[in-house]
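# An overview of the molecular structure
Residues per chain are reported as follows:
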Amino acid sequence: MSQDLRLHYDVEAALRASEARLREAQAVVRMGDWELDRKTGVMNWSPELFKLFERPLELGTPDLNEVLGYYSPESINQTRDTFWRVIDSGEREEFEQTVWLPSGAERYHATTIVPVKDADGCVYKLYGTTQDVTARKLVEQELRRQTREIADLYENAPCGYYSLDAEGSIIRINDTQLRWLGFTRKEVIGRMKAADLFSAPSRALFEQVFRVFKRNGVLRNMELDLLRKDGSVLPVLLSSTAIFEADGSFVASRTVVSDNSDRKQLELERSAHATRITELSRHMVEVQEHERRKLASELHDHASPNLAALRLTLDNLAEALPPEVREDLQPLLDDANGLLLDTTNGIRDICTNLRPAALDYAGLVPALHDYTQHFSQRTGVRVGLDTASFDVQLAPNIQSLLFRIVQEALTNCAKHAKARYVRVRLANCTSQVMAQISDDGVGFDPKQLADSDTTHGIGLITMRERAEFAGGRFTIMSRPGAGTEITVVFEHDSGTVRQRPTTHSPATPTDDLLSAGGRQP
């Protein structure tokens, strides 16, 4: 008998331990279980279920009608219908409900109902679990919203988009381009090649260029004529990038098509005004730098002395206070002094970023020397400045431009690259000037620059635009885990910059510049 009792106690202890583990697991996943006696209508809730519904334990388990009071009107009808469906069919069901809690919070629950049948096959009891899935639902809603937003940006962009496979067949096209051409999606996808959309002269040129494009992967601003469904011509500018497999084989293209009609009509007028526009644009950059210089000067000449005077005044005020009062106010005085110091340092940083004085009074190299030292102190990233091969005096606008590119590149290193060391190199030869910034950071795949969620794009686009706007060439080399190298090259003549020619030769002075320094390992 005593042995039977010990066995009974052991079983009970094991059951209690199992129930405790179950309650712990339910608390972790925010899940409770329940059962409903169909005949009596009595429900039983696990303790976790009370927490999910913010119901005090002392109120006891509610009946089914009281439970329905927690749900939104839509979920009430859904819950009733599902309960009856399980009873009638005898089959398990899962569904989600919107819950309005006593605190006013809205939550989402996922409920599973399992029917229990008697010997005659009739459902006499329902078991179930209810889990709080609010976090998952909110993530799903945000993902759906973002997906709709991205799809809308693609389909209704102010330009056409399409993608081609290796055979030149159209595998994707956006609504904007379909509207331009007058086709439906069914008429194009899987039925037409890109060449079918071009006029006869443009078709021959496209087929020739497409063969080359599948090898080099880049096509920029190619002027072609598309044919609308009604036979009319639509002049366009076409730019493409390619997607390659790891082995270099072509997968698909990503093509942007811009309506070039207005540009074609205004081409003669644009040519006549090109020089004037260029001068005005360069003047805007000069004005921007002037305003930066002016703002930095005003901050330095007015705000900094005022802050220094305020600090002296605060120190004098502290000295004038009776010792016992000063002792009581010392924490506040220390806070005020700390705030003034922080503000002074902040203004100094702003002035440096706006327009370092060394750039105007000493030139590019001293300005970069000061800025890189300040950058290292501020970020902890070591910077090596190599100007041993640089001895040319550049025009002020090009000095400003190169400084801004280096500044932006260092900012990118601090924000994204996780670099420990950055090398900035300036060099020149007979006809070219080069700035090169390389880091030992995490690197990235340059192909990702075309992705909408990239974190590198804006800074790199800014640097590229600054360089190309002034007639330079901007290149970037990077791969995951191998750092990033940015190279900017300008042609110069007696300290001025001229437009880089569009022809290419097997070897250029750039090759000499690049080979002279190499890349920081």
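Summarised in this report is the structure supplied together with it. Computed from a predicted structure; not experimentally measured. Counting starts from 1 at the beginning of each chain's written sequence and moves along it residue by residue. Per-residue local features are limited, in this predicted model, to residues with pLDDT of at least 70; the limit for side-chain atom pairs, both in listing and counting, is 80 or more; totals at the level of whole chains, interfaces and linings are taken over all residues. Hydrogens and water are ignored here; the side-chain numbers use all heavy atoms of the structure.

## Concerning the packing of helix 13 (residues 364-379) against helix 14 (residues 396-417)
Quick note on the threshold: For every element, the axis is a line fit to its C-alpha atoms; helices are fit only across the contacting stretch, and the angle between N-to-C directions ranges from 0 to 180 degrees. Numbering goes from the N terminus for both helices and strands, where a helix is a DSSP run of H or I of at least four residues and a strand is a run of E of at least two. For classification, angles of less than 35 degrees are called roughly parallel, those exceeding 145 degrees roughly antiparallel, those between 65 and 115 degrees roughly perpendicular, and all remaining angles oblique. By convention, the crossing between two helices is left-handed when the near helix turns anticlockwise from the far helix through less than a right angle, and right-handed when the turn is clockwise. Whether two residues are in contact is decided by their heavy atoms, any of which lying within 4.5 Å being enough. Charged residues are taken to be Asp, Glu, Lys and Arg, nonpolar residues to be Ala, Val, Leu, Ile, Met, Phe, Trp, Tyr, Cys and Pro, and polar residues to be all remaining types, Gly included.
Interhelical geometry of helix 13 versus helix 14 gives an angle of 15° and a closest axis separation of 11 Å. Classified by the angle between their axes, helix 13 and helix 14 sit roughly parallel to one another. Remark: the crossing between helix 13 and helix 14 carries right-handed chirality. From helix 13, Leu364, Ala367, Leu368, Tyr371, Thr372, Phe375 and Thr379 reach across to helix 14, where they touch Gln399, Leu402, Phe403, Val406, Gln407, Leu410, Thr411 and Ala414. Residues belonging to the contact of helix 13 with helix 14 are distributed by class as follows: 10 nonpolar, five polar and no charged.

## Quick notes on the nonpolar core
Here is the rule: Put simply, buried Ala, Val, Leu, Ile, Met, Phe, Trp, Tyr and Cys residues joined by side-chain atoms within 4.5 Å make one nonpolar core. Summary of the burial criterion: residues with accessible area below 20% of their type's maximum are buried, those above 50% are exposed, and those between are partly exposed, where the area comes from a 1.4 Å probe applied to protein chains only.
Within the largest apolar cluster, 39 residues are counted, with the highest numbers of intra-cluster contacts made by Leu364, Leu402, Leu410, Val422, Phe474 and Ile486. When contributions to this core are tallied by element, the ones reaching two or more residues are helix 13, helix 14, strand 12 (421-428), strand 13 (432-439), helix 15 (457-469), strand 14 (473-478) and strand 15 (484-493). Per element, the largest residue contribution to this core is 10 residues, and it comes from helix 14. Leave out the neighbours within four places in its chain, and Phe474 touches Leu460, Met463, Arg464, Ala467, Ile486, Thr487 and Val488. In terms of nonpolar packing, the next biggest core, distinct from the first, is built from 27 residues, Leu164, Leu178, Val188 and Met192 among them.

## Topic: the sheet that holds strand 7 (residues 170-173)
Which entries qualify depends on this criterion: Criterion used throughout: strands pair if DSSP finds at least two bridges between them.
Reading across from one edge, 7-6-10-9-8 is the order of the five strands in this open sheet, with antiparallel pairing throughout. A single partner strand is all that each edge strand has here, and the edge strands are strand 7 and strand 8 (218-227). Between one strand axis and the next, the sheet turns through 25° on average, direction left out of account. Bridge count between strand 8 and strand 9 (residues 233-244): eight bridges; the pairing is antiparallel. Across the sheet, Met222 pairs through a bridge with Leu238, a residue of strand 9. Running over the sheet, helix 8 (residues 200-216) touches strand 6 (160-164), strand 8, strand 9 and strand 10 (250-259) and is turned about 155° from strand 8.

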